[in-house]
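Descriptive analysis of the structure
Spelled out from the first residue to the last, the chains are:
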Amino acid sequence: MATGLNAPQFQNADKAREYLEGQVWPNGPICPHCGVIGKHWVMKGKTTRPGLFKCADCREPFTVTVGTVFERSKIPLNKWLLAVYLLCSSKKGMSSHQLHRTLGVTYKTAWFMTHRIRKAMESRKHEPMGGAGGIVEADETYWGRTEAAKGVKRITSGDQKMKIFTLVERGGDARSFHVPAVTGKTLAPILRSQVATDTHLMTDEARTYINIGKEFAQHSTVNHGDKEYARGIAHVNSAESFFNILKRGLIGTYHHVGEQHLQKYVTEFDFRYNNRTKLGVTDAERADKALKGITGKRLTYRRINAQ
């Protein structure tokens, strides 16, 4: 993706479609109905919209947006691509209010667009983090207030706040989870499913990690209660650094994030962290990776509100 905001794919819907086809179909068109690659013909006619293909196998028509988060959208495709670029290149995110002013669409449309883009950012990685010689930090943080605490004038405990549990592999990816409680019962299954058992696990001194820590090759802790933040290689500073960016985005950019949508927002921050500049990923490359994630993730307005 060209780095300038005046790039052709941001200015013209046909150029945007051609660009998207190159990202989603690098080896030629793929029928979203039957999965056949390359067996198609281009449909032409006075009333036929540009970019319409017909599969030679199943005989179904399709475009590059069918079966994606862009399907059936009336928003010009160049505005979609610009929205993806802006959300991917802003370290702390971009609010729907800012996006609606920038793109010239309604706030409701911008809100729907940002949620679709966050859907595209969802990772399809399932392999365990860490492994032999690998270090994974585990930590939790708190944000806002739960639905049950909305009427409470003063927050007095972490139980009244929303909880976010994050795993950060040293020099690698972050995976974050909106959890109902910070207990061994809720965190242990996540650690077992997401982290390889031959990993060196790093946590703070919370009792939550004592039992589950025994299931890994090594478990090191730092005592934040005694103001110990690092002891040799033992620390959770990578996770704390991730939380700093997350909190700045939630507070400074998004302001109010409901409990039903919090996982979508932390997924957005995971995506940008996992494709950060320090790993050699440019803003344009980050946006291209998001575009490659649009397939098989159609999202409707009703589904967003139900989640």
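Quick note: structure is the one above.
Numbering of residues begins from 1 in every chain and follows the order in which that chain's sequence is written. Confidence filtering applies because this is a predicted model: local features only for residues at pLDDT of at least 70, side-chain atom pairs given and counted only at 80 or more, and all residues used for totals across whole chains, interfaces and linings. Hydrogens and water molecules were not included; the side-chain quantities draw on all heavy atoms of the structure.

A look at the overall build of the chain
The cut-off we apply is this: The numbering of helices and of strands both runs from the N terminus, where a helix is a DSSP run of H or I of at least 4 residues and a strand a run of E of at least 2. Exposure is judged per residue with a 1.4 Å probe applied to protein chains only, and the accessible area is read against the type maximum: over 50% gives exposed, under 20% gives buried, and values in between give partly exposed. Residues are treated as being in contact if the distance between any of their heavy atoms lies within 4.5 Å. Surface accessibility in these figures is a Shrake-Rupley result with a 1.4 Å probe; residues are shielded only by whichever protein chains are displayed. The charge count treats Lys and Arg as positive and Asp and Glu as negative. His and the chain ends do not count. Just so you know, the charge point we use is NZ for Lys, CZ for Arg, CG for Asp and CD for Glu.
Each helix and strand counted, the chain has 11 helices and 8 strands in total. Dimensions of the chain along its principal axes, counting C-alpha atoms only, are 75 × 45 × 35 Å. Here the chain holds 307 residues, and the buried ones make up 49% of them. Of the contacts made within the chain by residues no fewer than 6 positions apart, 59% connect residues no fewer than 24 positions apart. Of the roughly 15500 Å² of accessible surface on the chain, 51% is carried by carbon and sulfur atoms. Across the chain, the mean location of the 47 positive side-chain charges is 8 Å away from that of the 28 negative side-chain charges.

A few points about the packing of helix H3 (residues 77–89) against helix H10 (residues 283–292)
Defined as follows: To obtain an axis, a line is fitted to C-alpha atoms, over the contacting stretch when the element is a helix, and the angle between two such axes runs from 0 to 180 degrees between their N-to-C directions. Angles below 35 degrees are treated as roughly parallel, those above 145 as roughly antiparallel, those between 65 and 115 as roughly perpendicular, and all remaining angles as oblique. Two helices that cross are described as forming a left-handed crossing if the nearer one is turned anticlockwise from the farther one by less than a right angle, and a right-handed crossing if clockwise.
Contact pair H3 / H10: the axes reach a minimum separation of 9 Å and the direction vectors enclose 120°. As the angle between them shows, H3 and H10 are arranged oblique. The handedness of the crossing between H3 and H10 is right-handed. Contacts between H3 and H10 involve Leu81, Val84, Tyr85, Cys88 and Ser89 from the first element and Asp283, Ala284, Arg286, Ala287, Ala290 and Leu291 from the second.

Details of the sheet that holds strand S4 (residues 135–143)
Quick reminder of the rule: When DSSP locates at least two bridges between a pair of strands, those strands are taken to pair.
The strand order across the open sheet built from 5 strands is S6-S5-S4-S7-S8, with neighbouring strands paired in mixed fashion. Of all the strands in the sheet, the pair left with one neighbour each is strand S6 (174–179) and strand S8 (218–222). The mean angle between the axes of side-by-side strands here comes to 20°, regardless of whether they run parallel or antiparallel. For strand S7 (residues 200–204) and S8, the ladder comprises 5 bridges, and the chain directions are parallel.

Topic: unusual backbone geometry
Even without glycine at this site, Arg59 takes up a positive phi of about 65°. Inspection of the secondary structure puts Arg59 in the loop between strand S2 (53–55) and strand S3 (61–62). Its relative accessible area of 48% is what places Arg59 among the partly exposed residues. Within the chain, His255 stands out as a residue other than glycine whose phi angle is a positive 65°. Within the secondary structure, His255 is located in the loop between helix H8 (237–254) and helix H9 (262–274). A relative accessible area of 47% means that His255 is categorised as partly exposed.

Details of the side chain of Arg276
The condition is simple: Within this document, salt bridges are pairs made up of a side-chain nitrogen of Lys or Arg and a carboxyl oxygen of Asp or Glu, the two lying within 4 Å of each other.
Looking at the secondary structure, you find Arg276 in the loop between H9 and H10. Put simply, Arg276 is tucked away with no salt bridge, and the nearest opposite charge, on Asp173, sits 5.2 Å away. When near neighbours in sequence (up to four residues on either side) are disregarded, Arg276 contacts Gly171, Gly172, Val281 and Arg286.

What about the nonpolar core?
Convention followed: The criterion is simple. A nonpolar core is a set of buried Ala, Val, Leu, Ile, Met, Phe, Trp, Tyr and Cys residues joined through side-chain atoms within 4.5 Å.
Leu20, Phe70, Leu81, Val84, Leu246, Leu250 and Leu262 are the most contacted members of the largest nonpolar core, which totals 57 residues. Take this core: its biggest share by element is 10 residues, from H3.

Considering the sheet that holds strand S1 (residues 40–42)
Pairing within the open sheet is antiparallel, and its 3 strands lie in the order S1-S2-S3. The strands lining the two open edges of the sheet, one partner per strand, are S1 and S3. Two strands pair when backbone bridges link them, and S1 and S2 are joined in this way by 3 bridges, in the antiparallel orientation. Following the sheet pairing, Trp41 is matched in S2 by Lys54.

Thoughts on the state of the cysteines
Applicable threshold: Two cysteine sulfur atoms form a disulfide, by the criterion used here, when they sit within 2.5 Å.
Inspection of the entire model under this criterion finds 0 disulfides. In this structure Cys31 is a free cysteine whose sulfur lies 3.6 Å from that of Cys58, the closest cysteine sulfur available. Residue Cys31 is classed as buried on the basis of its relative accessible area of 2%. By relative accessible area, Cys58 is classed as partly exposed at 27%.

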